[in-house]
Amino acid sequence: MPDPAGQRRRLGPRRLLAQRGYRRLLASRLAAQWGDGVFQAGLAGAVLFNPERQTDPLAIAGGFAVLLLPYSGIGPFAGALLDRWDRRRVLVVANLLRGVLVLLTALLVGAGVGGAGLYAAALLVTGVSRFVNSGLSASLPHLVRDRYLVEGNAFAVTSGAVISVVGAACAVGLRGLFGAGNHGSALTTAVAVLGSLTAASLAGRFARGSLGPDAVDEPAATMVAVAHGLLDGGRAALRATGVAAGFAALLAHRAAFGASLLMTVLLLRYSFHDIGPLRAGLPGLGEAATAGGAGLLAAGLVTARIVARFGRPVAVCGALLLAAVAQLGLGLPMTLPAVLLAAFLVTGTGQVVKLCVDAAVQQEVGDETRGRVFSVYDMLFNVTQVVAITVTAMLVPTDGRSPGLVVAATLVYLVGLVGYLLVRRARRGTTAAHRQPAGTACAPAPRGASE
């Protein structure tokens, strides 16, 4: 439902940053995600664009699986820990652990280790990174009032995504300084440890217990609580209308985006050539990441305003439609300029959907289960993208040129739009049937459901 008082419900970046707790959590997020950007781009350079290593679509898909899948295995269970342990302590310890693992991975890159050894180390780093991100998201409602969560989350998540792109750009620059071989890639990857150490230091400045959880709704035994993480998070997500519908939209976006991502990497490596200031190869991947970062920034600037004026459902549906148009209209030409513009639009619209889903989780899910829901969220998010990349790798030619896959990705966005509307309608009908006794007036909608 449109909110005529929407403008009064916005703080603006200046007043958000004036809140010390929010500012400190944001700084910890930025440091952590800068390190993530450096690590992922350094590893991509070492594996995908290293002249000492060769690769093909399936090998690239394996690399993306390393970056995306680890938390999908441990996340639903680790999420129970975010709802059981002091989140401040979790953020400190997890960031320090990630720093150690980053250095281990860098040593393996420098030694020329590939295959299972390198992938296992990278899996551990990205797994801990996902755990940290879930902890940051679950902690935010303790620092921002409920009615400002969309805005506070949009600013934090978008800033983090943009700084991750900055980290990736730093890695590209460092790679030019240190060299493109194994030794240079190792030094580039090792720089990511600075982000982990800074994030841990900033998180450690919070008072014990200030980031929650306020209440613990867990079995007494820790291992039993961990084992129930997936089931508890899934149940909590399904009970919340905005969350369940948002998952349908977001999963469609990740599937389409995964297919586009692999095609873009292949086009940049095997098909495209430099056009003036526009580059192919790893520099071109950096330019595509920059375009995507600009899309993330744009989404962060407009999402809160769109939601305040029109509500989350309109924002999500509009974003999916625009993504479908951009995917088809800019993907089919398969030229370097079109791909860069598509990166801006598709990444930006996906961020609008993600911000709406984040806000739905933070507003509609209780603090005692919020960490588990974010963990399930991350699991579905990453598994869907990896499955899409893997399927694409089995179908796409080595040069990345596949108009049929572009059309298929467009259709996935439209399926996601229909799924979002159907789930929302079905969940609202179920909620109304349970809430409204015969002969009574309609009960008010759940908090945040129509925002």
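Relevant structure appears above.
Throughout this description, residue numbers start from 1 for each chain and increase along the sequence as written. Restriction of local features to residues with pLDDT of at least 70 applies here, the model being predicted, together with a cutoff of 80 or more for giving and counting side-chain atom pairs; totals for whole chains, interfaces and linings are based on all residues. The side-chain values count all of the structure's non-hydrogen atoms but skip hydrogen atoms and water molecules.

A separate point is the overall build of the chain. Looking only at helices and strands, the chain has 17 helices and zero strands in total. Within the chain, the proportion of its 451 residues that are buried is 57%. Throughout, a contact is declared for two residues whenever any of their heavy atoms are within 4.5 Å. Here the contacts in the chain between residues at least 6 apart in sequence split such that 87% fall between residues at least 24 apart. Using the Shrake-Rupley algorithm and a 1.4 Å probe, accessible areas are obtained, with residue cover drawn only from the displayed protein chains. For the chain, the accessible area works out to roughly 18,000 Å², and carbon and sulfur atoms hold 68% of it. Comment: elements are numbered from the N terminus, with helices defined as DSSP H or I runs of at least four residues and strands as E runs of at least two. Here's how the labels work: a residue is buried when its accessible area is under 20% of the maximum for its type, exposed when over 50%, partly exposed in between, all with a 1.4 Å probe on protein chains only.

The span you would expect from a helix comes to 1.5 Å times its residue count less one. Taking 1.5 Å of rise per residue, 29 residues should cover 42 Å, and helix H15 (residues 336-364) covers 42 Å from first to last C-alpha, within 8% of that figure. Along H15, 25 of the 29 residues are buried, which leaves the element largely enclosed by surrounding structure.

So, about the environment of Phe344. For Phe344, the position within the fold is in helix H15. For Phe344, a relative accessible area of 28% translates into the label partly exposed. Counting along the chain gives 47 residues from Phe344 to Leu297, while the straight-line C-alpha distance between them is 9.8 Å. In this view, Phe344 contacts Ala291, Gly292, Ala294, Gly295 and Ala298; residues no more than four positions away in its chain are not counted.

Attention now moves to the packing of helix H5 (residues 87-110) against helix H9 (residues 193-203). When two helices pack together, their arrangement is given by the angle between their axes and by how far apart the axes lie. Close contact between H5 and H9 brings their axes to 8 Å; oriented N to C, the two are set at 165°. By the angle class used here, H5 and H9 are roughly antiparallel. With respect to the hand of their crossing, H5 and H9 are arranged in left-handed fashion. In this structure, H5 uses Arg88, Leu91, Val92, Asn95, Leu96, Arg98, Gly99, Val102 and Leu103 to contact H9, whose residues at the interface are Val193, Ser196, Leu197, Ala199, Ala200 and Ala203. All amino acids are sorted into three groups, where Ala, Val, Leu, Ile, Met, Phe, Trp, Tyr, Cys and Pro are nonpolar, Asp, Glu, Lys and Arg are charged, and the leftover types, Gly among them, are polar. Residues that form the contact of H5 with H9 fall into these classes: ten nonpolar, three polar and two charged. Working convention: axes come from line fits to C-alpha atoms, limited for helices to the stretch in contact. Angles between N-to-C directions cover 0 to 180 degrees. Oblique is the label for every angle not falling under 35 degrees (roughly parallel), over 145 degrees (roughly antiparallel), or within 65 to 115 degrees (roughly perpendicular). Should the near helix be turned anticlockwise from the far one by less than a right angle, the crossing is termed left-handed; should it be turned clockwise, right-handed.

Patches here: salt-bridge-free residues with over 30% relative accessible area, like charges joined within 9 Å, nonpolar side chains (Val, Leu, Ile, Met, Phe, Trp, Tyr) joined within 5 Å. We count a salt bridge whenever a side-chain nitrogen from Lys or Arg sits within 4 Å of a carboxyl oxygen from Asp or Glu. A surface patch of nonpolar side chains, amounting to about 550 Å² of accessible area, comprises Leu58, Val383, Val387, Val391, Met394 and Leu395. Sorting elements by how many residues they give to the nonpolar patch places helix H16 (residues 367-395) first, with five residues. Among the secondary structure elements, Met394 is positioned in helix H16.

This part is about the nonpolar core. With 42 residues, the main nonpolar core has Tyr22, Leu25, Phe39, Leu91, Val132 and Val144 as its most contacted residues. Every element with two or more residues in this core is listed here: helix H2 (20-47), H5, helix H6 (116-139), helix H7 (149-178) and H9. Among the elements that line this core, the one with the most residues is H2, at ten residues. Excluding its chain neighbours within four sequence positions, the residues that come into contact with Leu91 are Leu25, Val132, Gly135, Leu136, Ser139, Ala203 and Leu211. Nine residue types can take part in a nonpolar core, namely buried Ala, Val, Leu, Ile, Met, Phe, Trp, Tyr and Cys, and a core is a set of them joined through side-chain atoms within 4.5 Å. Ala237, Ala240, Ala319 and Val357 belong to the second-largest nonpolar core, a separate cluster that totals 41 residues.

Because the α-helix completes a turn every 3.6 residues, residues three or four places apart line up on one side. Compared with the 44 Å implied by 1.5 Å per residue over 30 residues, the 41 Å span of helix H13 (residues 281-310) between its first and last C-alpha is a close match. At the C-terminal side of H13, Gly311 shows a positive phi close to 95°.

A separate point is unusual backbone geometry. We note that Met334 has phi near 50°; this positive angle belongs to a residue other than glycine. Here Met334 shows up in the loop between helix H14 (312-331) and H15.

A separate point is the packing of H7 against H13. In the contact formed by H7 and H13, the axes pass within 9 Å of each other and the chain directions differ by 170°. The angle between the axes of H7 and H13 places the two elements in the roughly antiparallel class. The segment H7 lies against H13, with Val150, Glu151, Ala154, Thr158, Ala161, Val162, Val165 and Arg175 engaging Leu282, Ala289, Thr290, Gly293, Leu296, Leu297, Gly300, Ala304 and Val307. Class assignment of the residues belonging to the contact of H7 with H13 gives a composition of eleven nonpolar, four polar and two charged.

Side-chain rings of Phe, Tyr and Trp, where Trp is taken by its six-membered ring, are said to pair if the distance between their centres is within 6.5 Å; with planes under 30 degrees apart they count as stacked, over 60 as edge-to-face, and otherwise as tilted. Throughout the structure, instances matching the rule amount to zero aromatic pairs. When the NZ atom of lysine or the CZ atom of arginine is within 6 Å of a ring's centre and also within 35 degrees of its normal, the charge is said to sit over that ring. The ring of Phe206 is capped by Arg24, whose NZ or CZ atom sits 5.4 Å from the centre of that ring.

In this section: the pattern of salt bridges. All chains considered together, the criterion is met by four salt bridges. Arg312 is the partner of Glu364 in a salt bridge, and the nearest nitrogen-oxygen pair spans 2.8 Å. Of the two residues, Glu364 is situated in helix H15 and Arg312 in helix H14; the sequence distance between them amounts to 52 residues. Arg312 carries the same exposure label as Glu364, and that label is buried. Across the pair Asp358 and Lys354 runs a salt bridge, and its minimum N-O distance is 2.9 Å. Within this pair, Asp358 and its partner Lys354 are both found in helix H15, separated by four residues, close to a single helical turn. For the pair Asp358 and Lys354, a shared accessibility class is recorded, and that class is buried.

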